[in-house]
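# What the coordinates show
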Amino acid sequence: MSALLPLPVLLPLGGAALSIVVGRWRAAQRMVALAVLTSVAGVAVALLVAVDRDDVVATQAGDWYAPLGITLVADRFSAIMLLTAACALLAVDVYAIGQPGAERNHVGFQSVYLILSAGVAAAFLTGDLFNLFVAIEMMLTASYVLITLGGRLDQVRSGMTYVVISLIASVLFLAALAFTYAATGTINLADLAVRMGELPSGVRSALAGLLLVVFGIKAGLFPLFFWLPDSYPTAPAPVTAIFAGLLTKVGVYAIIRTQTLLFPGVLPTWLLLAFAAATMLVGVLGAIAQDDVKRILSFLIISSIGFMVMGLALFTVAGIAAAIVYMVHQVVIKTTLFLAGGMIEHTGGSSRLSRLGDMARTAPLIAVVFFVPAMSLAGIPPMSGFAAKFALLDSVAASREWWILGVAIAVSLLTLFSIAKIWLGVFWGQPDPAETTVAPGRPRPPALMVMPTALLVAATIVLGLAAGPLYDYCARAAGDLIDPAAYVTQVLGSGAP
Amino acid sequence: MSVVMAGTAAALFAIGTYLLLQRKLSRVIVGLGLLGHGANVLFVNSGRRGLPPIIGQGDPSDFADPLPQSLVLTAIVIGFGTTALLLALAYRSWLLTNDDEVEDDIEDRLVAGRGYSDLEVSDVALLVDEAEESDDIPRRRSTTGEPAVTGRER
C-alpha cells in the first residue's frame, strides 16, 4: 500500500509536464488533466481504505531512513482530506473546461492547475515540516499564476496583495523552521513529536505561537484574514472556487496537524477559542456588509474557518472529529457555492446584488444548485451542514464552553441572514431601477458547468445522509490525532536501520 | 550561532520590514527579498558549525551540519522563483497604471463610502484617478512603450 503514497504528488506533476508538451492540442491537454485527477481520486480512495485498516501508512522516498529522508505518511485525517480535495479538484476542472473564459484562453491553465493539485496532495501527505513548506510553496506559486491569469488591472492589484502576504507568511514559516531545527535538531514531524517534550515550556509556546501565526495567515484566521476577501473574488469563477474550497483548508489542516502532533496542550484553550470566536464573528459581519455575491461568500469562508478552529481548540476527540467533519463539508459546500456564483455571473452578467434579480424565475436551475448548498451552509437538517454543525455544537456543549456555544449559534443565524441577502438580491426581486447598466441576459450555462456543480450538490446531500459513518470515521481520525503513538512508531520504525 | 551572523540576520529582517512597509511596489519586492535572505541566514545558523561536511576529509564529528544547508538551498531556489514572478507582476502593474504604487482595495472603499455603490469597479478607479488629477498630481502620463490599458477592456 505504501507504494501508492507518492502517486497523488507525482501523477499531477507528470501530468503538468505532459500537458505542456501536448499544449498544441487542447483536447489532449484536457484528457491528460482529467485522467490524472481521476486517478488521484482513485488512489485517494485506495489510501482511505488502507489507512482505515492499518491506522497509518508511511514510506520513505529515496530510501533514506526516517528523520533525514523525505517522509510521506497518510493517516485517517490526511486520507479523508486528500479524497475530498481530489473530488473537488476534479469537479472544478470539468467546470473550468465548460466555462468560457479562464481555461479556454490560457494554454497553461491545465498544467498550473495540476501543479496546484500536486501541492495540495503533498501538503496533506508529507511527514516533514520542511516538505510541508515546499508543498505549500508549490501550491501557492501555482495559485499566484491562477489568480492573475487574466492580467487585468484589478487582478494584478489584488493578486499583488495576495502574493506579498503569502510570501511574508513563507518567510515567517522559514524562520519558524530555523528555530525548530536549532532547538531540536530535526524537522521530521514524528521525530519532533518525540523531542518536543524535552524542550522548556517557553520555547515550546514560542514555536507553537509562531506556527499558529504562519498557518493562520494561510487559513485566514482572525486577525490575519484581510487579504482573503480582497483577492479571491477577482479570479475567474473556477479558480476562486478551488481556492475557497481548498487553500484555506490546507492552512487549517496544518494548524490541526502541528497543534495536535507537536504542541498538545501548549496553547491554552481560551486563546484558541477567542481566535475562533473573533474569526467567526468578523467573517459573518463582513459578509453582511458586502453587496457582491463573491465577496459575501469570501467573508463566509473566514467565518467557517472559525468553526474549525473552535473544534480544534476544545482538544477532545469529539471536538476534533467534528472539526474534521466540518472541514470535509466545507470543502464541498464552498466549492459548490462559488461554482454556483460563477453561473450567476455567467447568466446574469454581474455578481453585484443590485444588478441582478428575479433569477428564480429566469434561471431556476441555478436557483436550485445555489439553494441546496446555501441551506447546507446555514445548517438546515437533511444536508451535511446540519450534521457537521450539530457535531461541533454538541462537542462544545460537552466541554462546557457555554459562551462560545452562544457565539457559534448567533453566527449561524447571521450566516443564514447573509445567505438570505444573496437569495433576495439575486433570485427574488428586481434589478435596482437606478442601475445605469442592467446586466444583459445571457444564455443558460453550458452543460459542463452545470454537471459538476450538480454532482457536488448531490455530494452534500449524500454527506448529510451518510453523516453517521462519516462521523465514526472522523472520530477514529481524531483519536489518532489525540494519541499519535501509532503515527510516530509507523514513521520512525519503517525503514530505520 | 555567532554574534556576527545573528546580527546579519537581524539587520536583514529590520531593513526588509522597513522596505515592506513602503507604498512603492519595487521597494516591497526588495524588502521581501531581504526578509527571505534574513530567514535563510537564520536557517543556516540553526545547525552545528564546523568543517566542510565532505566524507574522507577529517573527522565526521567535527563536520558542520549539512542538513540546514541543503534545506536553505531549496528555500533560496523557491525564493528566486517567487521573486521573479513578483517582478513580472509589478511590471504588468506598471504597464497598466504607469505607476508602481500599491492601491487601496476599491471594494473596501465602496463599502466604506457607500456613495459609489452603484458604479462598476473600474468606473470608480477612474473617479479616483480624476479626483487625484484635480489635486494636480500627474498620474496618467502617456507611455513611450505599450499604451496603458485600463482594467476591463483587456
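One can find the structure itself at the top, above this paragraph.
Just so we're clear, the structure is a prediction, and the values are computed from it rather than from any experiment. (Residues numbered from 1 in each chain as written. Chains lettered and ligands numbered in written order. Predicted model: local features only at pLDDT ≥ 70, side-chain atom pairs only at ≥ 80, totals over all residues. Heavy atoms only, no water.)

## Things to note about the overall build of chain B
- A tally of regular secondary structure across chain B gives five helices and zero strands.
- Traced from its N-terminal end to its C-terminal end, chain B shows the element sequence α-α-α-α-α.
- A total of 154 residues make up chain B; the buried ones form 36% of that total.
- Taking contacts inside chain B between residues at least 6 apart in sequence as the whole, the part at least 24 apart equals 47%.
- Entry remark: accessible area of chain B is about 8900 Å², with carbon and sulfur atoms responsible for 63%. (Helix = DSSP H or I, 4+ residues; strand = E, 2+ residues; numbered from the N terminus. Buried < 20%, exposed > 50% of the residue type's maximum accessible area, 1.4 Å probe, protein only. Contact = heavy atoms within 4.5 Å. Areas by Shrake-Rupley, 256 points an atom, 1.4 Å probe, with all protein chains shown as cover.)

## Observations concerning the pairing of strand S1 (residues 57-61) of chain A
All names here are of chain A.
- Among the five residues of S1, four are classified as buried, and the element is accordingly described as predominantly covered.
- Of the strand pairs in this sheet, S1 and strand S2 (residues 70-74) are connected by five bridges, and their pairing is antiparallel. The residue of S2 that forms the bridge with Val57 is Ala74. (Pairing = 2+ DSSP bridges.)

## A few points about the packing of aromatic side chains
Residues and elements named next belong to chain A.
- For the structure on display, the rule yields 22 aromatic pairs over all chains.
- Relative to Trp227, the ring of Tyr162 has its centre 5.6 Å away and its plane inclined at 45°; by these criteria the two rings are tilted. Separated by 65 residues along the polypeptide, Tyr162 in helix H7 (residues 153-184) and Trp227 in helix H10 (residues 227-231) bring together distant segments of the chain.
- Judged by relative accessible area, Tyr162 falls into the buried class, the value being 1%.
- Residue classification places Trp227 among the buried positions, given a relative accessible area of 6%. (Phe/Tyr/Trp six-rings, centres within 6.5 Å; stacked < 30°, edge-to-face > 60°.)

## Notes on unusual backbone geometry
Residues and elements named next belong to chain A.
- Looking along the chain, the bond that leaves Phe222 and enters Pro223 is cis, with omega of -5°.
- Positive phi, normally seen in glycine, also occurs at Phe315, with a value near 60°.
- With respect to the element layout, Phe315 can be found in the loop between helix H13 (293-314) and helix H14 (317-348).
- Note on Phe315: relative accessible area 25%, which makes it partly exposed.
- Positive phi, close to 60°, is recorded for Arg400, a residue that is not glycine.
- Within the fold, Arg400 resides in the loop between helix H17 (384-398) and helix H18 (402-427).
- You can call Arg400 exposed: its relative accessible area is 61%.

## Focus on helix H19 (residues 447-465) of chain A
All names here are of chain A.
- Here H19 is 19 residues long and its end C-alpha atoms lie 27 Å apart, about the 27 Å a rise of 1.5 Å per residue gives.
- Taken residue by residue, H19 has Met449, Val450, Pro452, Thr453, Leu456, Val457, Thr460, Leu463 and Gly464 as its buried positions.
- If you follow the buried residues of H19, they end up packed against helix H3 (76-98), H14, helix H16 (364-378), H17 and helix H20 (467-482). (Expected span 1.5 Å × (residues − 1).)

## Things to note about the packing of helix H6 (residues 129-147) of chain A against helix H3 (residues 66-97) of chain B
- Two numbers describe how H6 of chain A lies on H3 of chain B: the axes approach to 11 Å, and their chain directions differ by 10°. Taken as axis vectors, H6 of chain A and H3 of chain B run roughly parallel relative to one another. Contact with H6 of chain A, carried on its side by Phe130, Phe133, Val134, Glu137, Thr141, Tyr144 and Val145 of chain A, involves Leu71, Thr74, Ala75, Ile78, Thr82 and Leu85 of chain B of H3 of chain B and no other residues of that element.
- When its residues are assigned to classes, the contact of H6 of chain A with H3 of chain B shows nine nonpolar, three polar and one charged. (Axes fitted to C-alpha atoms, helices over the stretch in contact; angles between N-to-C directions. Parallel < 35°, antiparallel > 145°, perpendicular 65-115°, else oblique. Nonpolar A, V, L, I, M, F, W, Y, C, P; charged D, E, K, R; others polar.)

## As for the nonpolar core
Residues and elements named next belong to chain A.
- Core analysis: the largest hydrophobic core is formed by 216 residues, its most contacted members being Phe173 and Met310.
- It is H14 that provides the largest number of residues to this core, a total of 17 residues.
- When residues no more than four places from it in sequence are discounted, the contact partners of Phe173 are Leu129, Leu132, Phe133, Ile136, Leu211, Val214 and Phe215. (Core = buried A, V, L, I, M, F, W, Y, C linked by side-chain atoms within 4.5 Å.)

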